[in-house]
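# Per-entry structural report
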Amino acid sequence: MELIELGRAIRERDPARPSWTEVLTYPGLHAVLWHRAANWLWRHGFRGTGRALSHLSRFLTGIEIHPGATIGRRLFIDHGMGVVIGETAEIGDDVLIYHGVTLGGLSLKPGKRHPTVLDHAQIGAGAHVLGPITVGVGARVGAHSVATRDVPDHTTVVGIPARPPGRGCDDDPSVGYGLAASQPDPVGDRLTALEAELRTLREAMRERERS
């Protein structure tokens, strides 16, 4: 039963370690289940009803999934508010999507317009993945990044435009909030240098006062 499968996936992947009662309140779980029904109606020709069910789901969960989108198993939409998934988007198994994510299109032409996100990929909070691109197996798109080109398997990309920060993925989940483990922090480095310089100047002034 998909409800149990989704619930187990959420409990395993959410660091809050929610109880089963808490899991049943998660909007991401509700959104996926509502989408299953809307997608079935859409594929069987009941497009108006499928669209209406999709709108109801958006009203109840804050997550907008087009009824034509293809979603694999155990999708975990964490928090979820503001997520938008377009009509021709395809999502594989065990994908993690944070709040504010857009899987959108860049073209008004019919056909494939939205991204394909493969198994075990992660899309960070507020990221925009746009166009008929592929986010590879185990790849990660950092928070507030804008990806318009394919992301290779097991690669982290961050920034605008999204690109690797220096090396591939590791097990650090902080990329969901835009912090890749190897990402340089020039502002932090400069502040550290200024603090060290300030300590040196203070010590020099104390030495002058003693003499």
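About the cut-offs
- Residues numbered from 1 in each chain as written.
- Predicted model: local features only at pLDDT ≥ 70, side-chain atom pairs only at ≥ 80, totals over all residues.
- Heavy atoms only, no water.
- Helix = DSSP H or I, 4+ residues; strand = E, 2+ residues; numbered from the N terminus.
- Buried < 20%, exposed > 50% of the residue type's maximum accessible area, 1.4 Å probe, protein only.
- Contact = heavy atoms within 4.5 Å.
- Areas by Shrake-Rupley, 256 points an atom, 1.4 Å probe, with all protein chains shown as cover.
- Pairing = 2+ DSSP bridges.

### A closer look at the overall build of the protein
Along the protein, the regular secondary structure elements total 5 helices and 14 strands. Within the protein, the proportion of its 211 residues that are buried is 42%. In the protein, the proportion of contacts linking residues at least 24 apart, taken out of those at least 6 apart, comes to 35%. Approximately 11700 Å² of the protein is accessible, and the part contributed by carbon and sulfur atoms is 57%.

### A short note on the sheet that holds strand β12 (residues 140-141)
A sheet is described by the order of its strands in space; here 5 strands give the open sequence β3-β6-β9-β12-β14, paired in parallel fashion. What marks the edges here is a single partner per strand, and that holds for β3 (76-77) and β14 (156-157). In terms of strand pairing, strand β6 (residues 96-97) meets strand β9 (residues 122-123) through 2 bridges, oriented parallel. For Ile97, the partnering residue across the bridge sits in β9 and is Ile123.

### Thoughts on the sheet that holds strand β8 (residues 116-117)
Read from one edge to the other, the open sheet built from 4 strands follows the order β2-β5-β8-β11, with strand pairing classed as parallel. At either margin of the open sheet sits one strand with a lone partner, and together these are β2 (70-71) and β11 (134-135). Bridge count for β8 against β11 is 2 bridges, and the pairing is parallel. Of the residues in β11, the one forming a bridge with Val117 is Val135.

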